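Chain by chain, the residues:
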Amino acid sequence: MEFFTTTSAASRRAGGCVIVGVYEKGKLGLGAADIDAASKGLIKRHIRDGDISGRSGTSLLLPAVPGVRSQRVLVIGLGKPGDFGIKQFRLAVETAINLIKGSKVRDIVIYLTLEDVAGSSPYYLARYAVETAGNCFYSFDEMKSGKKRRTPSIKKTGLAVKKRSDTAKTMLGAQHAQAIVEGMSLARDLGNLPANVCTPSYLARAAQKIARQQRNVTTKVLGEAEIKRLGMHAFLSVTGGTTEPAKLIVMQYRGAAKKKPVVLVGKGITFDAGGISLKPGPGMDEMKFDMCGAASVIATMSIVEKLKLPINLNVVIPTCENLPSGTATRPGDIVTSMSGKTIEILNTDAEGRLILCDALTYARRFKPDVLIDVATLTGACVIALGHHRTAVMSKHDDLANDLTDAGIAADDRGWRMPLADEYEKQLRSNFADFANIGSRDGGAITAACFLSKFTDGMNWAHLDIAGTAWRGGGKKGSTGRPVPMLTEFLLQRAGALP
Ligand code: BES
Ligand code: MN
Ligand code: ZN
């Protein structure tokens, strides 16, 4: 999709469709007011006749409006006046795009960006608009016979600006959002692919593809022999029950000279059956999404590269399957992690932390300025926060705040949960240094506590995306979260935000 900005009035703009908004109680948005004046009161007449209510989620498409140059005017309900925030803005854009996307319209101009949106700015409005629109065009029909992925039907999107001095910020927002959309689409594709296609080797190839296309990214893929040589027996214990080879994927992006890197570690369980501690049958298919942490960090890498951010970034992905079999790890087995610490595996379904602890130990070699792991780690996180907030856990207040702030700015929110020593008692083991599970109580926190034993002295945060990485039910599918949060965090660090 191509983007441009315009300062011309809605009625003066030629093209396929201009998108304007009307609030409840008959209050016209700026674009709608201009159309109304040019058409001698057409919008107000429709409000009086009850065709336009202004309620959120409603719309009316008007073809061939007299006095207006555009072929169509799409009027979107903006909700209660004085209540127009980021959520309402995004819903308005979504309503518009979903209405137009199946039509013949090829170019649009969005005038909703002229409205006052509480807590926003021209840069972020452009970002939300383009990200929301881009995600409306996402579809996943790779696995259906005879269907091909459709390219967006809209080729050109204009964003209205109030004054010329807003143009640069608006274009920057559109450019960043376009990269975020492409990253989210990659993450969503990897998540949505079934486990018989998206294997550890497939993830490795996806990471290598980015490196092949880009000069400043390198990807290294370690096989099981090398993983063993590194002493990653916690990681290897998880892959014992499968014939699919495990991989350790290591990506490196150099965008700045002497700067310590940010290191992102992503959980890459391509299918989690639970191992010998087998999961119950219903809904088990959703455990193909257990590599969404890996997908989100690969996607973030591709965005950082696309935007050529002046930072250094490393990505580490331990990836394998967790299946039961005669060669699988048993409950009660004790393994030695790469760090030298021994772990009693009381439940083979708590496998995420076993692969991550070795990846976090491996990450030390990069001397990270910041270390963040991203994982669909616990069902307990879904119980605690539901599907709207990613759990943010860190012993470092600055890092936790930067991540939650990034989530707010990117409208991909997180919520901090405690990570404190009191919880560590739950991991005591009679036989090894500690166990891989606590009791059910505070399960998301004890999982993080387990990881904290491997990140001593590091500026580390843990994101549990078990509730946010995918949706179940009728709209089942990967969401691409927390790619916007991670990207915002890195844009901020790169000083790339206006
Ligand atoms: N991948 C799951 C976590 C998960 C479960 C995410 C459901 C989203 C929805 C993880 O590997 C797991 O099985 N965790 C166990 C840990 C338990 C055995 C301590 C869980 O949450 O039940
Ligand atoms: Mn599990
Ligand atoms: Zn898992």
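Everything numeric here is computed off the predicted structure, so don't read it as measured data.

Turning our eyes to something else, we now look at the overall build of the protein chain. Across its full length, the protein chain holds 14 helices and 20 strands. Its C-alpha atoms give the protein chain a radius of gyration of 25 Å, within 12% of the compact-globule value 23 Å for 498 residues. On the principal axes, the C-alpha backbone points of the protein chain span a range of 85 × 50 × 45 Å. Here the protein chain displays about 20400 Å² of accessible surface, and carbon together with sulfur accounts for 51% of that area. Taking the average location of the 66 positive side-chain charges in the protein chain and that of its 47 negative ones, the two points are 7 Å from each other.

To continue, consider the coordination of the manganese ion (ligand 2). Four donors placed tetrahedrally about a metal ideally form angles of 109.5 degrees, and six donors placed octahedrally ideally form angles of 90 or 180 degrees. Protein-derived ligands of the manganese ion (ligand 2) are Asp272 (OD), Asp349 (O), Asp349 (OD) and Glu351 (OE), with the metal-ligand distances lying across 2.1 to 2.2 Å. Viewed at the metal, the 6 donor atoms of the manganese ion (ligand 2) are separated by angles of 70 to 168 degrees, and the geometry they form is irregular. Mapped onto the sequence, the residues coordinating the manganese ion (ligand 2) show the spacing D-x76-D-x1-E. For aspartate 349, a relative accessible area of 22% translates into the label partly exposed. According to the relative accessible area criterion, glutamate 351 is buried, its value standing at 1%.

For the rest of this paragraph, the subject is the site of ligand 1. Taken together, 16 residues form the shell around ligand 1, and within it Asp272, Lys279, Asp349, Glu351 and Gly379 come nearest. Residue lysine 279 places a side-chain N or O atom 2.8 Å away from an oxygen atom belonging to ligand 1. At 2.8 Å, a side-chain N or O of aspartate 349 approaches an oxygen atom of ligand 1. Of the residues belonging to the shell around ligand 1, the class tally is 5 nonpolar, 4 polar and 7 charged.

Right, let's talk about helix α9 (residues 292-306) for a bit. Along its 15 residues, α9 runs 21 Å from first to last C-alpha, staying within 8% of the 21 Å computed at 1.5 Å per residue. α9 sits mainly inside the fold: 14 of its 15 residues count as buried.

The next thing to look at is the coordination of the zinc ion (ligand 3). The zinc ion (ligand 3) binds to the protein through Lys267 (NZ), Asp272 (OD), Asp290 (OD) and Glu351 (OE), with metal-donor distances spanning 2.0 to 2.4 Å. Its 6 donor atoms give the zinc ion (ligand 3) angles of 78 to 175 degrees at the centre, a pattern that matches the octahedral case. In primary-sequence terms, the residues that donate to the zinc ion (ligand 3) follow K-x4-D-x17-D-x60-E. A distance of 3.2 Å spans the gap from the zinc ion (ligand 3) to the manganese ion (ligand 2), which aspartate 272 bridges by coordinating each metal.

In this section: helix α12 (residues 397-409). Two residues of an α-helix separated by three or four positions point the same way, owing to the 3.6 residues in each turn. Over its 13 residues, α12 runs 18 Å from end to end, which matches the ideal 18 Å to within 8%, given 1.5 Å per residue. Considered for burial, the residues of α12 that qualify are Leu399, Ala400, Leu403, Thr404, Ala406 and Gly407. Taken end-on, α12 shows its buried residues confined to a sector of 155 degrees, consistent with a single buried face. Following α12 by one or two positions, aspartate 411 has its phi on the positive side, about 55 degrees.

In this section: the domain arrangement of the protein chain. In terms of domain boundaries, the protein chain breaks down into domain 1 (2-160) and domain 2 (182-493). Each partner contributes to the interface: domain 1 provides 14 residues, whereas domain 2 provides 15 residues. Both faces considered, domain 1 and domain 2 share a buried interface measuring about 1200 Å² in area, 44% of it formed by carbon and sulfur atoms. For the interface between domain 1 and domain 2, the tally reads 3 salt bridges.

We now examine the sheet that holds strand β2 (residues 17-22). Taken in spatial order, the 6 strands make up an open sheet running β1-β6-β5-β2-β4-β3, and their pairing is mixed. The open sheet has two edge strands, β1 (2-6) and β3 (59-63), and neither has a second partner. Averaged over all neighbouring strand pairs, the angle between strand axes comes to 25 degrees, with direction disregarded. Pairing of β2 with strand β5 (residues 107-110), which is carried by 3 bridges, proceeds in the parallel orientation. Directly across from cysteine 17, in β5, lies its bridge partner isoleucine 108. Across the sheet, helix α1 (residues 30-38) touches β2 and β4 (72-77), and the angle it forms with β2 is around 110 degrees. Along the sheet face, helix α2 (residues 42-49) touches β2, β3 and β4 and points at about 135 degrees away from the line of β3.

Here we come to the side chain of threonine 378. One can find threonine 378 in the loop between β14 (370-375) and α11 (379-385). Among the polar contacts listed, one links the side chain of threonine 378 to the backbone nitrogen of cysteine 381, at a separation of 3.1 Å. A polar contact of 2.8 Å, which involves the side chain of threonine 378, links it to the side chain of aspartate 464. If we ignore the near neighbours within four places in the chain, the residues touching threonine 378 are Arg353, Gly443, Ala444, Ala447, Asp464 and Ala466.

Overall, the coordinates contain 21 salt bridges when judged by the stated rule. Close ionic contact of lysine 87 with aspartate 411 constitutes a salt bridge, the shortest N to O distance being 3.4 Å. Within this pair, whereas lysine 87 is found in helix α3 (residues 86-100), its partner aspartate 411 is found in the loop between α12 and β16 (414-416), the two being separated by 324 residues in sequence. A relative accessible area of 17% means that aspartate 411 is categorised as buried. Between aspartate 285 and lysine 476 there is a salt bridge, and its shortest N-O distance comes to 2.8 Å. With aspartate 285 in the loop between β10 (268-272) and α9 and lysine 476 in the loop between β19 (470-471) and β20 (477-478), this residue pair connects regions lying 191 residues apart in the sequence. You can call aspartate 285 partly exposed: its relative accessible area is 38%.

As a packed pair, α12 and helix α14 (residues 483-493) sit with axes 8 Å apart at the nearest point and diverge in direction by 115 degrees. Like other packed secondary-structure pairs, α12 and α14 cross with a definite hand, here right-handed. From α12, Leu399, Asp402, Leu403, Ala406, Gly407 and Ala409 reach across to α14, where they touch Met485, Glu488 and Phe489. For the contact of α12 with α14, the per-class residue count stands at 6 nonpolar, 1 polar and 2 charged.

Calculation rules
Counting starts from 1 at the beginning of each chain's written sequence and moves along it residue by residue. Each chain gets a letter, beginning with A, and each ligand a number, beginning with 1, in the order they are written. Restriction of local features to residues with pLDDT of at least 70 applies here, the model being predicted, together with a cutoff of 80 or more for giving and counting side-chain atom pairs; totals for whole chains, interfaces and linings are based on all residues. The side-chain quantities take in all heavy atoms of the structure and omit both hydrogens and water. Labels follow the DSSP assignment, with helices taken as runs of H or I lasting at least four residues and strands as runs of E lasting at least two, numbered in each case from the N terminus. For the radius of gyration, the atoms used are the C-alpha atoms, and the globule rule reads 2.2 Å times the number of residues raised to 0.38. Shrake-Rupley sampling with a 1.4 Å probe provides the accessible areas, and residues are treated as covered by the protein chains on show and by no other component. Counted charges follow a simple rule, with Lys and Arg positive, Asp and Glu negative, and His plus the chain ends left uncounted. A charge is said to be at NZ when it belongs to Lys, at CZ for Arg, at CG for Asp and at CD for Glu. Metal donors: N, O and S atoms at distances within 2.8 Å, or within 3.2 Å for Na, K and Ca, with water omitted from the atom set so that some sites may seem incomplete. Here the metal geometry follows the donor angles, with tetrahedral for four donors whose angles all fall between 85 and 135 degrees, square planar for four and octahedral for six when opposite donors are more than 155 degrees apart and every other angle is between 65 and 115, and irregular for all the rest. Accessibility here uses a 1.4 Å probe with only protein chains present; expressed as a share of the type maximum, an area under 20% marks a residue as buried, one over 50% as exposed, and anything in between as partly exposed. For this purpose, a residue is taken to be near a molecule or strand whenever a single non-hydrogen atom of the residue falls within 4 Å of it. Polar contact is the term for a pair of N or O atoms within 3.5 Å; when the atoms are in protein, one must be able to donate a hydrogen and the other to accept it, and sequence-neighboring residues count only if both atoms are side-chain atoms. All amino acids are sorted into three groups, where Ala, Val, Leu, Ile, Met, Phe, Trp, Tyr, Cys and Pro are nonpolar, Asp, Glu, Lys and Arg are charged, and the leftover types, Gly among them, are polar. In a helix, the anticipated span is given by 1.5 Å times the number of residues less one. The reported arc concerns the directions from the helix axis to the C-beta atoms and nothing else. Annotation comment: domain bounds sourced from an automatic or database domain assignment. Any two residues whose heavy atoms approach within 4.5 Å at even a single point are treated as in contact. As used here, buried area is the combined drop in accessible area, with a 1.4 Å probe, of two parts when they are placed together. By definition here, a salt bridge exists when the distance from a side-chain nitrogen of Lys or Arg to a carboxyl oxygen of Asp or Glu is within 4 Å. Between any two strands, pairing holds if DSSP finds at least two bridges. Fitted lines through C-alpha atoms give the axes, limited to the stretch in contact for helices. The angle between two N-to-C directions lies from 0 to 180 degrees. Take the far helix as your reference; a near helix turned counterclockwise from it by less than a right angle gives a left-handed crossing, and one turned clockwise gives a right-handed crossing.

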